[in-house]
Amino acid sequence: MQQQFVLRNLKRVTGEAIDITINNKVIVDITPAGNGRGDASFDFSDVYVSSGWIDLHVHAFPDFDPYGDEIDEIGIKQGVTTIVDAGSCGADRIGDLVSSGEQALTQLFAFLNISHIGLSRVDELSQLEWINEEKVIDAVAKYKSSLVGLKARISQSVVGASGIEPLRIARKLSDETELPLMVHIGSGPPDIREIVPLLSNRDVITHYLNGKKNNLFDQEGNPLQVLLEAISRGVHLDVGHGTASFSFRVAEAAIQHGIALNTISSDIYRGNRMNGPVYSLAHVLSKFLYLGYSLEQVISAVTSNAAEWLRKPELGRIQIGDVANLTLFDIRKEPVTFIDSEGDERSANTIIQPRGVVVNGKLIECQIRS
Ligand SMILES: [Zn+2]
C-alpha cells in the first residue's frame, strides 16, 4: 500500500460524508467527500466510519478455558481496534498476557484480577489466600502502562464462602494502587445491596443488565436505590453481555427508567463467540439498535465513552494529527433474530456489520459475520 492513501466517501454516524487521508500512519486530512487528495484511494460509498471500536470487557488469554480467546480473533478481525481484558489474569500470568498483546495487531489493555491465579479456575476468589496483596502491588508497578484497573468477580460461584470479603480487599487495593475496580455482578450471595455501596466514582459495574435474581432491578423492573445512588456517585455501567449476563427484559427496564448507556462490551471468549449468544461486539451493538438507542448512542458506547473512561481521549475521536485508528462498518437492513442470555428472542431488521479497520497505518478488511 502507498504511504499516503485516501478513504473516500465514508459516512460519519451523523450522516456527514467525508474523505480521510492517511500518511505514514497519521490522519493528515479530513475533507468533505470528493475532496481528499492522495496517490491511492479506496472507495467506501455507503460505509460508515468511527474511531476504532473499544471493547471494555473481553477474555483474551487463550491458555484459559473456558474464558479465553485469541487477541486478534476478538479484536481487529471483528472491527475492534482496542480490547480490554477483564481480569483473565492475576499476578501469576499477567506478564504473559501483556507480551502476547505486544505481538498482536489489536491494542490490548487489561484489568488485573485481584486473585493471583486469575481465571485458571472459575472460583478464583473462593480461597482468600489466592488474594496476595503484595503480588497485586508488584504487578501494578511492573505493568503500569497496560493495566487500567483491578477486577473482582463478586458472585456466588466465584467467591463461595468468602462472601463480601474479596470486595473489601479489592476496595483497599484499588485505593492503594489508584486503579479503579471493575466488579462483575451475578447470582448472590453476596446480595447486590451489599456490593454496590462499596463502589466509587469511576469504578465499573459490568453485567449491569443481567437478568439473574440478584440483579439491579426489582420484580417490577424498577432500578434499585443502590443503583441510582451509584450512578450519582459516578460509578460506570458496562454491559459485559457474555453467555449469561444480558437480558432484553432488564435492558428494556433500564431504557424505560432512563438509565444512561455508558459502555457496551461483549465479554467475549471462544465459546460464546462461536456458539452465541455473543458472536461479536458488532452483534451486541445491533441488539442495542433494536432496543431503540440511536446509532450515535450505540457507537459512542464503544468509542468516545470507552475512551473517556480509559482517559485516552485520542482513542475515541477522528482528528488530524492523530494516529489513524478507525473502524469501517455497514448498516444492513435484513431480518434477524436476536437471543439474549435468558433464551428470550427478539425479531429485528437492522444489523451492524464490520467492514474493516485502520490500525498501524494499514487498512485491514474484516471477514467475520456480525
Ligand atoms: Zn468476563
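In the block above lies the structure referred to throughout.
Here is a short report on the structure shown in this document.

Once that is clear, we can look at the overall build of the protein chain. Helix and strand counts for the protein chain stand at 12 helices and 15 strands. Projecting the C-alpha coordinates of the protein chain onto the three principal axes gives extents of approximately 65 × 45 × 35 Å. Evaluated residue by residue, the protein chain yields a buried proportion of 59% over its 370 residues. Considering only contacts within the protein chain whose residues lie at least 6 apart along the sequence, 72% involve residues at least 24 apart. Accessible surface computed for the protein chain: about 14,600 Å², of which carbon and sulfur atoms make up 45%. Each charge sign in the protein chain was given a centre, from 34 positive and 47 negative side chains, and these centres are 2 Å apart.

Attention now goes to helix α2 (residues 94–103). Every buried residue of α2 is listed here: I94, G95, L97, V98 and G101. On an axial view of α2, the arc spanned by its buried residues comes to 160°, and they lie on one face. Contact partners of the buried residues in α2: α1 (71–74), β7 (80–86), β8 (107–113), α3 (133–142) and β9 (147–154).

What follows covers the nonpolar core. Within the largest apolar cluster, 88 residues are counted, with the highest numbers of intra-cluster contacts made by W53, I94, I264 and F288. Looking at this core, the element that brings in the most residues is helix α10 (residues 281–291), giving 7 residues. Non-local contacts of I264, meaning those with residues more than four positions away in its chain, are made with I54, D238, V239, L281, V284, L285, F288, V298, A301 and V302. Ranked by size, the runner-up nonpolar core spans 17 residues in total, among them L10, I22, A40 and L326.

Definitions and limits used
- Residues numbered from 1 in each chain as written.
- Predicted model: local features only at pLDDT ≥ 70, side-chain atom pairs only at ≥ 80, totals over all residues.
- Heavy atoms only, no water.
- Helix = DSSP H or I, 4+ residues; strand = E, 2+ residues; numbered from the N terminus.
- Buried < 20%, exposed > 50% of the residue type's maximum accessible area, 1.4 Å probe, protein only.
- Contact = heavy atoms within 4.5 Å.
- Areas by Shrake-Rupley, 256 points an atom, 1.4 Å probe, with all protein chains shown as cover.
- Lys, Arg positive; Asp, Glu negative; His and termini not counted.
- Charge placed at Lys NZ, Arg CZ, Asp CG, Glu CD.
- Arc of directions from axis to C-beta.
- Core = buried A, V, L, I, M, F, W, Y, C linked by side-chain atoms within 4.5 Å.

By themselves, these observations are geometric and do not establish any function.
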